[in-house]
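# A look at the structure
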Amino acid sequence: MNYYGTKELAASIRTVRQNTIQIAEDIPDEQYGYQAGPQTRTVEKLLTHIALSYSFWHQINAVERRTTLEGYDFRGTMEKLGAEEAQSRTKDEVIDLLKKNGEIWAQFVESVSEEFLGESVEMPEGATPPAKSRFEILLSVKEHEMHHRGQLMLIERMIGIVPHLTRRMQERMAQAAKASS
C-alpha cells in the first residue's frame, strides 16, 4: 500500500512554494538586491532561480518523457536557464513567476500516475546512482527549493526579519502560555 502518491506530493509542493512566496513577500523591495556574500545570488536571483529550476525536470519528465539522460544537452539547458535567470525582475514579477511556475509543476505532478512515479530514468554515464525513479526526481525539485529556502531564511535574519514560520511558532507559544496562566 502506498501512503504517499501524486496528490500528497503535489500538496507538499504547493505548501513549500507558499512558504517561499511568503518569504518573497516579507523581504522588502529594496532588499531584493541584497547579497549575503561574494559570489552568491542576490535575493532576486535566488528567488528567480527557485522559480525557474523546476523547468529542467519538467522538460525531461513532462515534455520529453525521457527514460535516459544519455545524450541530453545539459550545457544548452543550463545556458538557457542561466540567461532567463539573469533577466532583471521586480519583486512583483518574481512573486508572479514563483506562483505561476509553482502551480505548473504542482499540476503536472498531480496529473501523473502511480506507475509513472515508479518508472526509472537512466542517469548519464558515471552518475551515481546509475538510475533514479521518477518519484525521486520529482521529489528532488521540492528538496532543491527547501535547500534554497533555508538560505533565504538566513538572509531574512541577516537583514533583520524574523522568518514567518518562526513568527507563527512564537505566536502559538505565546497563546499557549496565555491560555495556561
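All of the points below concern the structure found in this document. Quick caveat: nothing in here was measured; it's all calculated off a predicted structure.

## Re the overall build of the protein chain
Per the secondary structure count, the protein chain includes seven helices and two strands. Across the protein chain, helices and strands are ordered from the amino to the carboxyl terminus as α-α-α-α-α-β-β-α-α. Sequence-distant contacts, at least 24 apart, represent 72% of the contacts inside the protein chain between residues at least 6 apart. Charged side chains of the protein chain number 22 positive and 27 negative; the gap between the two group centres comes to 5 Å.

## Description of the packing of aromatic side chains
Evaluation of the coordinates by the stated rule reveals eight aromatic pairs. For the pair Phe56 and Phe74, a centre-to-centre distance of 5.8 Å together with 35° between the ring planes defines the contact as tilted. One end of the pair, Phe56, is in helix α2 (residues 43-63); the other, Phe74, is in helix α3 (residues 74-86), with 18 residues separating them in the sequence. Exposure remark for Phe56: the relative accessible area of 9% places this residue in the buried category. Each member of the aromatic cluster is reached from another via a ring pair, and the members are Tyr54, Trp105, Phe108 and Phe116.

## Remarks on α3
The end-to-end C-alpha separation of α3 is 18 Å, in line with the 18 Å expected for 13 residues at 1.5 Å each. Every buried residue of α3 is accounted for by Thr77, Leu81 and Glu85. An end-on view of α3 places all buried positions within 70° of arc, on one side of the element. Across from the buried face of α3, at angles greater than 90 degrees, the exposed residues are Arg75, Glu79, Lys80 and Ala86. Each element contacted by the buried residues of α3 is listed here: α2.

## Thoughts on the packing of α2 against helix α4 (residues 91-111)
Their axes nearest at 9 Å, the elements α2 and α4 cross at an angle of 25°. One way to sum up the angle between α2 and α4 is to call them roughly parallel. For the pair α2 and α4, the crossing hand works out as left-handed. Residues Glu44, Leu47, Thr48, Ile50, Ala51, Leu52, Tyr54, Trp57, His58, Asn61 and Ala62 of α2 lie in contact with α4, whose contacting residues are Val94, Leu97, Leu98, Asn101, Ile104, Trp105 and Phe108. Here the contact of α2 with α4 is composed, by residue class, of 13 nonpolar, four polar and one charged.

## With respect to the pattern of salt bridges
Following the criterion strictly, the structure yields nine salt bridges and no others. When the shortest N-O distance is used, the salt bridge between Arg14 and Glu110 registers 3.2 Å. Residue Arg14 is located in helix α1 (residues 6-26), and its partner Glu110 is located in helix α4; the two are separated by 96 residues in the primary sequence. Given the relative accessible area of 27%, Arg14 is considered partly exposed.

## Digging into the nonpolar core
One finds Tyr32, Leu47, Trp57, Leu98, Trp105, Val109 and Leu138 to be the most contacted residues of the largest nonpolar core, which totals 42 residues. Of all the elements in the fold, those that place two or more residues in this core are α1, α2, α4, α5 (114-118) and α6 (134-158). Take this core: its biggest share by element is 10 residues, from α2. Once residues lying within four places of it in the same chain are set aside, the contact partners of Leu98 are Arg17, Thr20, Ile21, Ala24, Leu47, Ile50 and Ala51.

## Focus: the side chain of Ser12
Topologically, Ser12 is positioned in helix α1. The exposure class assigned to Ser12 is buried, which follows from its relative accessible area of 14%. Sequence-distant contacts of Ser12, that is, excluding residues within four places in its chain, are made with Tyr4 and Lys142.

## Some remarks on unusual backbone geometry
Outside of glycine, negative phi angles account for most residues, and trans bonds account for most peptide bonds. A cis amide bond, omega -5°, links Thr128 with the succeeding residue Pro129. Tracing the backbone through its elements, the reader meets Pro129 in the loop between β1 (120-122) and β2 (131-133). The backbone of Gln39 sits at a positive phi, close to 60°, despite the residue not being glycine. Among the structural elements, Gln39 can be located in the loop between α1 and α2. In this structure, Arg65 takes a positive phi of about 50° despite not being glycine. Tracing the backbone through its elements, the reader meets Arg65 in the loop between α2 and α3.

Reading guide: rules and limits
Residues numbered from 1 in each chain as written. Predicted model: local features only at pLDDT ≥ 70, side-chain atom pairs only at ≥ 80, totals over all residues. Heavy atoms only, no water. Helix = DSSP H or I, 4+ residues; strand = E, 2+ residues; numbered from the N terminus. Contact = heavy atoms within 4.5 Å. Lys, Arg positive; Asp, Glu negative; His and termini not counted. Charge placed at Lys NZ, Arg CZ, Asp CG, Glu CD. Phe/Tyr/Trp six-rings, centres within 6.5 Å; stacked < 30°, edge-to-face > 60°. Buried < 20%, exposed > 50% of the residue type's maximum accessible area, 1.4 Å probe, protein only. Expected span 1.5 Å × (residues − 1). Arc of directions from axis to C-beta. Axes fitted to C-alpha atoms, helices over the stretch in contact; angles between N-to-C directions. Parallel < 35°, antiparallel > 145°, perpendicular 65-115°, else oblique. Left-handed = near helix turned anticlockwise from the far one by under 90°. Nonpolar A, V, L, I, M, F, W, Y, C, P; charged D, E, K, R; others polar. Salt bridge = Lys/Arg side-chain N within 4 Å of Asp/Glu carboxyl O. Core = buried A, V, L, I, M, F, W, Y, C linked by side-chain atoms within 4.5 Å.

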